Amino acid sequence: MQYWLMKSEPDEFSIDDLVRAKNQSTPWVGVRNYQARNYMRDVMQVGDRALFYHSSCPEPGVAGVVEISREAYPDATQFDPKSPYYDAKSTRAAPRWLHVDVQLVKKTRLVPLAELRATRGLEDMVTLRRGNRLSITPVTPAEWKIVEKLAARA
DNA sequence: GCCAACGTTGGC
DNA sequence: GCCAACGTTGGC
């Protein structure tokens with residue numbers, strides 16, 4: 001059992017989109033970074049929990065909690081020439097890109113990035129480290145507790 | 001729109 | 001295998 005942080009651009013897919021989604025669940029398509037893929041493929045397990053993070057938007061921050069609901073399987077968008085995630089070098093025999101499914105646990109208040117940065121105990125959070133751009137990063141149990149407490153505040 | 005930081009590509 | 005050039009991310 002592991003904790004994670006997963007970034008999504010709310011213009012693309014927001015926490016509210018997840019609230020409205022069928023079964024409040026979604027395939028995490030579009031990851032095109034090997035390290036993030038490897039986390040999904042090799043480390044993530046059904047039942048792991050993740051912070052749903054809004055990035056590249058007016059108010060970046062944690063917007064909710066999700067649970068990994070299906071283990072990694074091939075990302076169909078890599079085979080679709082019309083998709084922005086199309087990868088001409090990937091084949092069905094050896095798909096390059098995989099993804100998990102995630103299911104909503106809860107939408108929380110938006111915990112802004114600035115607040116995360118200002119919180120004691122989160123100094124070493126991977127996603128907050130200088131220059132980090134990875135869309136999927138591990139979160140320690142201690143960090144998880146702190147962020148959950150922040151998110152539960154009114 | 002800017003820019004720092006990082007990942008990927010491709011020539012050698 | 002090196003590394004420069006390029007593209008992308010993501011906060012501001």
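Sequence order sets the numbering: in each chain, residues are counted from 1 along the sequence as written. Ligands are numbered from 1 and chains lettered from A, in the order in which they are written. In view of the model being predicted, local features appear only for residues whose pLDDT reaches at least 70, and side-chain atom pairs are presented and counted only at 80 or more, with totals across whole chains, interfaces and linings using the full set of residues. Values reported for side chains reflect all heavy atoms of the structure, with hydrogen atoms and water molecules removed beforehand.

Give me the nonpolar core: which residues, what numbers.
To qualify as a nonpolar core, a set must consist of buried Ala, Val, Leu, Ile, Met, Phe, Trp, Tyr and Cys residues joined through side-chain atoms within 4.5 Å. Partly exposed residues are those whose accessible area sits between 20% and 50% of the maximum for their type, while under 20% is buried and over 50% is exposed, using a 1.4 Å probe and protein chains only. Ranked by size, the top nonpolar core spans 20 residues in total, and within it Met 6, Trp 28, Met 40, Met 44, Val 100, Val 102 and Ile 136 carry the most contacts. Only DSSP runs of H or I with at least four residues qualify as helices, and only runs of E with at least two residues qualify as strands; both kinds are numbered from the N terminus onward. Residue assignment for this core shows that the elements contributing at least two residues are β1 (3–8), α1 (15–20), α2 (34–43), β3 (49–54), β4 (61–74) and β5 (98–112). By the convention used here, residues are in contact when the closest approach between their heavy atoms is within 4.5 Å. Discounting residues that sit within four places of it in the chain, Met 40 has contacts with Trp 28, Val 31, Ala 72, Leu 98, His 99, Val 100 and Ile 136. The next biggest cluster of nonpolar side chains, apart from the first, holds 16 residues, and it includes Leu 116, Val 147, Leu 150 and Ala 151.

Now, about the pairing of β5: what can you tell me, with residues and values included?
Pairing of strand β2 (residues 25–27) with β5, which is carried by three bridges, proceeds in the antiparallel orientation. Across the sheet, residue Thr 26 finds its bridge partner in β5, namely Val 102. Taken together, the ten bridges between β4 and β5 define a ladder with antiparallel strand orientation. Each residue of the ladder has a partner; that of Ile 68, found in β5, is Val 102. At least two bridges found by DSSP between two strands are what make those strands a pair.

Before we move on, could you go through the protein's contact with DNA strand B and cite the residues and values that matter?
Within the structure, DNA strand B sits among Asn 33, Tyr 34, Arg 130, Gly 131 and Arg 133. Proximity criterion: a residue is near a molecule or strand once any of its heavy atoms comes within 4 Å of it. Sugar plus phosphate, as a fraction of atoms of DNA strand B within 4 Å of the protein: 76%. What qualifies as a polar contact is a pair of N or O atoms within 3.5 Å, subject to a donor-acceptor requirement within protein and to the restriction that residues adjacent in sequence count only when both atoms come from side chains. With respect to DNA strand B, the side chain of Arg 133 contributes an N or O atom lying 2.6 Å from a base oxygen. In terms of residue class, the surface near DNA strand B is built from one nonpolar, two polar and two charged. Polar here means any residue other than Ala, Val, Leu, Ile, Met, Phe, Trp, Tyr, Cys and Pro, which are nonpolar, and Asp, Glu, Lys and Arg, which are charged; Gly is therefore polar.

An account of the protein's contact with DNA strand C is needed here, citing residue identities and associated values.
Lys 7, Tyr 53, Ser 55, Ser 56, Pro 60, Leu 113 and Arg 133 make up every residue found near DNA strand C. Expressed as a percentage, the sugar and phosphate content of the atoms of DNA strand C within 4 Å of the protein is 74%. Lys 7 is positioned such that a nitrogen or oxygen atom in its side chain is 2.8 Å from a phosphate oxygen of DNA strand C. Measuring from a base oxygen of DNA strand C, one finds a side-chain N or O atom of Arg 133 at 2.4 Å. Here the surface near DNA strand C is composed, by residue class, of three nonpolar, two polar and two charged.

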